[in-house]
Amino acid sequence: MRRIRLRMLCGALLSGLFAAAVQAEVKLPVPAVDQMAVAKRGYFYVGGKYVGEPGKSIMQGQIYVEVLAPKTQRRPYPLVLIHGAAQTATNWMGTPDGRKGWAEYFVEQGWVVYMIDQPMRGRSAPHPGDGATRMFTAQNEQFQFTAIESDGTWPGREKHTQWPGSGPNKGKKGDPYFDAFYATQVETVLSPELTQERNQDAAAALLDKIGPAVILTHSQSGSFGWLIADARPKLVKGIIAIEPAGPPFEAVVIGTGKTRPWGLTDIKMTYDPPVNSPDQLQTVREDKADGPDLTVCTMQKAPARQLPNLKGIPIVVIAGEASYHRLYDHCTVKYLNQAGAKAEWMPLDSKGIHGNGHMVMIEKNNFAIAKVIDDWGKKNIK
C-alpha cells in the first residue's frame, strides 16, 4: 500500500514538473511578439485569371491575403492594409528592431485586419512576362526612407528622429536595423499602369469576397485606394491614405516630369462630366504655394470635373513631419476636395507627433500614429 502511495506521489510530482515546464515562457533567439488579441488567423488567395495558350496556361493577377480576427470585433468594418513599392505585407507584421506591428495593434483595437501582397509581388506570384522590375538600392532607401536627416535633400528632412537605432550609422547600410529592413525589400514592376490595373482588379475581387471595408494605403498604393473606391464605391467605407503617390499630374521633390495624367492615377478614373482621355482634364498651376517650402499645386481649371464614386467616402491623407511627402500631400487633398470628395489633411506634426519620415508604420512611434488612425476611424467611419 505504501509503495502504491509512493508511486502515486512520484507520478503527481512528475506531472507537476512537466506542467510547469510546459507553462514556462518560450524564449526565442529572434524577434517575436505576443498575439493574445488574435482569435483567428488565416490566409487565402483572391482574384487573378488564367492566361496563355491551351495547355500552357498560368494564373496572373491574384493576391495573397492574410486575415487576423480579434476575439471581439469592436470596429464596424474590416481594415485592409496595402503596402507600397518594394514592400510586402511584412510592413504591418513587425518592425526592424523587433517591436509589434500595426496588424496586431489594430486587432487589439477590435478591427478585423486583412493584409495583402500586391499582385506581382512577394507571395503573389510575379512572372517574367509582367515586365521590367526595379530593385531599390541601399543608398536609395537611405536617401528616401531611413537616413533622410543626413542623406535627404528636401527642407524639413533634418527633423527626422524616429528611425530606430542610434549612433553615427543609424539608418544606413551596416546598421543592424537598416539591414533587417533592407532584407525585406523586393523587386517592383516598373509599369505604373499595369500595377494599378492589377491592384484595382484584385482588390475589387477581395471586397466582393469579404464585403464592405476600410482601405489603408501607403505610398505607391495611394493610387490604388482611389481606384478601388472608383470600382467598388459602395464597398469602400473609408480611405486612410498615408503619404499617397502624388501630387496630381507631376513628380516633385524626389522626381521630375509629368505623371498621373488622370490626376491621382495613371489609368482611367470616373469623372463627371465623363472623361475618355486624360487630355480632356484641363489643369492650371496655382500662383503660389500654400506655405514656406510647400509645393505649388496643379489643379483642375474651374469648373472642376467631379469624382462621383469618391463622394461620400470619408478620406484622410496623413504625412510625417520630416518626409518629402510633407511638402506636397496637401495638393492631393486639395485636388480631391475640388473634385467633390471629402478629404481631411492630417500632417502628423499637427497632432503633436514629430520626427517621422516616410515609413511611419515601422518607426519608433508607430503606435502613436496607429492610435491617431484608429481615433479618426472611430470618429468618421459609422
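What comes next is a walk through the structure. (Residues numbered from 1 in each chain as written. Predicted model: local features only at pLDDT ≥ 70, side-chain atom pairs only at ≥ 80, totals over all residues. Heavy atoms only, no water.)

Bringing the overall build of the protein into the picture now. Along the backbone of the protein there are nine helices and 14 strands. The C-alpha atoms of the protein give 24 Å as radius of gyration, which agrees with the globular expectation for 382 residues (21 Å, within 12%). Every one of the 382 residues in the protein was classed for burial, and the buried ones make up 52%. Once local pairs closer than 6 in sequence are excluded, the contacts in the protein between residues at least 24 apart make up 72%. Taken as a whole, the protein presents about 17,400 Å² of accessible surface, with 56% of it coming from carbon and sulfur. (Helix = DSSP H or I, 4+ residues; strand = E, 2+ residues; numbered from the N terminus. Rg over C-alpha atoms; globule rule 2.2 N^0.38 Å. Buried < 20%, exposed > 50% of the residue type's maximum accessible area, 1.4 Å probe, protein only. Contact = heavy atoms within 4.5 Å. Areas by Shrake-Rupley, 256 points an atom, 1.4 Å probe, with all protein chains shown as cover.)

With that settled, consider the state of the cysteines. Under the defined criterion, the tally for this structure stands at one disulfide. Two residues, Cys297 and Cys331, share a disulfide whose sulfurs are 2.0 Å apart. Between Cys297 and Cys331, the S-S dihedral sits near -80°, and the bridge is therefore left-handed. With a gap of 34 residues between them, Cys297 in the loop between strand E11 (283-285) and strand E12 (298-300) and Cys331 in helix H8 (residues 329-338) connect regions that are remote in the sequence. For Cys297, a relative accessible area of 1% gives the class buried. (Disulfide = S-S within 2.5 Å.)

The relative placement of two aromatic rings is captured by the distance of their centres and the angle of their planes. Tallied over the full model, the rule gives 15 aromatic pairs. Look at Phe106 and Trp111: their rings are 6.5 Å apart centre to centre, the planes differ by 80°, and that puts the pair in the edge-to-face class. A relative accessible area of 0% means that Phe106 is categorised as buried. Aromatic pair Tyr324 and Tyr328: ring centres 6.5 Å apart, planes at 45°, arrangement tilted. Comparing Tyr324 with Tyr328, the two get one shared label, buried. Every member of this aromatic cluster is reached through a ring pair, and the members are Trp92, Trp102, Tyr105, Phe106, Trp111 and Phe367. (Phe/Tyr/Trp six-rings, centres within 6.5 Å; stacked < 30°, edge-to-face > 60°.)

Using the criterion set out here, one finds 17 salt bridges in the structure. One salt bridge connects Arg123 with Asp117, and the closest N-O pair in it is separated by 3.0 Å. The exposure class assigned to Asp117 is buried, which follows from its relative accessible area of 1%. Overlapping salt bridges, with partners in common, bring together Arg41, Glu66, Glu104, Asp117 and Arg123 in one network. (Salt bridge = Lys/Arg side-chain N within 4 Å of Asp/Glu carboxyl O.)

Our next topic: H8. Of all the 10 residues making up H8, seven are buried; the element is thus mostly covered by neighbouring parts of the structure. Every buried residue belonging to H8 is among Asp329, His330, Cys331, Thr332, Val333, Tyr335 and Leu336, and all of these are buried. Structurally, H8 contributes buried residues whose contacts are with helix H7 (222-231), E12, strand E13 (314-319) and strand E14 (342-347). Looking one or two places after H8, you find Gly340, whose phi comes out positive at around 95°.

Here we come to the packing of helix H6 (residues 192-210) against H7. Axis separation between H6 and H7 bottoms out at 9 Å; the angle between their running directions is 50°. Between H6 and H7, the angle falls in the class oblique. In this structure, H6 meets H7 at a crossing whose hand is right-handed. Seen from H6, the contacting residues are Thr195, Gln196, Asn199, Gln200, Ala203 and Leu207; seen from H7, they are Ser223, Phe224, Leu227, Ile228 and Ala231. A per-class count over the contact of H6 with H7 returns six nonpolar, five polar and no charged. (Axes fitted to C-alpha atoms, helices over the stretch in contact; angles between N-to-C directions. Parallel < 35°, antiparallel > 145°, perpendicular 65-115°, else oblique. Left-handed = near helix turned anticlockwise from the far one by under 90°. Nonpolar A, V, L, I, M, F, W, Y, C, P; charged D, E, K, R; others polar.)

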